[in-house]
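What the coordinates show
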Amino acid sequence: SAKCSAEKIAVYAGSLDSDNAQRLILMTDLRRAIDGDELFLLFQPKVKIRSRAISGVEALVRWKHPEQGLMSPNQFINFAERAGLITRLTYWVLAAAVRESHVWHGSGQAVPIAINLSSHDLRDPQLMEHVLGSLETWGGSPDWIQFELTESCIMDDLSAAQHVLMQLREAGFKIFIDDFGTGYSSLSYLKRLPVDYIKIDQSFVMGLDEDADSAAIVRSIIELAHSLNIEVVAEGVESKVVMDMLERWGCEEVQGYCISKPISGHDFQSWNRAFV
Ligand code: C2E
Ligand code: CA
Ligand code: CA
Ligand code: CA
């Protein structure tokens, strides 16, 4: 009835208002978090599947919100993108990762730190300058930092992606295609990009031992990557069974709870020392 839909509209408008209010609060909060000390990084190791030698870590951002408590990136990265705050967040992550790497170098525990870029970062004309500037601040070099980009972020603007990836590659940085398998059906773009590694999305990896379809997809991704001279990392490896299957199929590296959960920089140093 008319009454009913009028009520619905009223309710909808009300919730929109409070959504907007929520968003405004979150935006102010996130700005403060980036400028202050509410963000921090955790690090998740990646290892060579054969030797179990550590090959690097991935930096994963966390937000310690004073009222909401610990927030995972899934709760605020999309928001940061829409609110125009992702560039500053990426700069924050970059600076924090380089600073951490400097500490690790000081104690002889250094490995490359991979950071996640968003599609907005690919359109940031100052990205390169910023990356090199952050490294210069701490006397670092391009082997300190690596970059992970999702397929969908690349397909958002393929020519922008191509341009930035070429620049990063020429400067000596390694590039990972993240969440591989989820984003795009055509794989021809891979030929046009300077890519060092593919990371197979955890949704294919997790149930590998119990799902023939996942197994088939993972095997063909590995084959495809190798035919293009690209190495493969499987993410979300939670069991020894899955790790053994991946090793048989020629996957080069693994990351997941089976090796380690994301841990603090401090914990990583002792993890690394004990692991090696
Ligand atoms: P991602 O890059 O695919 O990162 C992997 C996510 O899977 C992480 O969640 C990690 O904690 C989780 N994970 C790792 N191993 C396992 C496993 O064996 N089993 C299971 N169930 N999960 C595992 P997290 O830290 O919550 O990050 C979620 C997403 O947020 C990331 O997905 C990434 O896309 C994004 N993200 C994280 N940090 C940043 C950042 O600094 N910048 C940007 N732009 N995005 C970020
Ligand atoms: Ca990633
Ligand atoms: Ca991923
Ligand atoms: Ca993912």
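Procedures and definitions
- Residues numbered from 1 in each chain as written.
- Chains lettered and ligands numbered in written order.
- Predicted model: local features only at pLDDT ≥ 70, side-chain atom pairs only at ≥ 80, totals over all residues.
- Heavy atoms only, no water.
- Helix = DSSP H or I, 4+ residues; strand = E, 2+ residues; numbered from the N terminus.
- Rg over C-alpha atoms; globule rule 2.2 N^0.38 Å.
- Buried < 20%, exposed > 50% of the residue type's maximum accessible area, 1.4 Å probe, protein only.
- 1 Å grid on protein atoms, 1.4 Å probe; cavity = no way out; pocket = protein on both sides within 12 Å on 5 of 7 lines; lining within 4 Å.
- Points joined across faces, edges and corners; volume = space filled by probe spheres on them.
- Nonpolar A, V, L, I, M, F, W, Y, C, P; charged D, E, K, R; others polar.

- An unreviewed UniProt entry lists the protein under the name cyclic-guanylate-specific phosphodiesterase, with Metapseudomonas furukawaii as the source organism.

1. A short note on the overall build of the protein
- The helix and strand tally for the protein stands at eleven helices and nine strands.
- Computed over C-alpha atoms, the radius of gyration of the protein comes to 21 Å, within 12% of the 19 Å expected from 2.2 N^0.38 for 276 residues, which places it in the range of a compact globule.
- When the backbone C-alpha atoms are referred to their principal axes, the protein occupies close to 65 × 45 × 40 Å.
- Among the 276 residues that make up the protein, the fraction classed as buried is 47%.

2. Observations regarding unusual backbone geometry
- Of note, the phi angle at Arg52 is positive, near 60°, even though the residue is not glycine.
- Structurally, Arg52 is set in the loop between strand S1 (39–48) and strand S2 (54–65).
- Under the relative-accessibility criterion, Arg52 is labelled partly exposed at 25%.
- Non-glycine residue Asp179 carries a positive phi angle of around 55°.

3. Comments concerning the layout of surface pockets
- Looking at the largest pocket, its volume works out to about 1100 Å³.
- Residue lining of the largest pocket: 39 residues in total, with Glu58, Leu60, Pro73, Asn74 and Asn116 positioned closest to the centre.
- Residue assignment for the lining of the largest pocket shows that the elements contributing at least two residues are S1, S2, helix H2 (77–82), helix H3 (86–106), helix H4 (119–122), strand S5 (145–150), helix H6 (151–156) and strand S6 (174–180).
- The biggest single contributor to the lining of the largest pocket is S2, with five residues.
- Considering only residue class, the lining of the largest pocket consists of 14 nonpolar, 14 polar and eleven charged.

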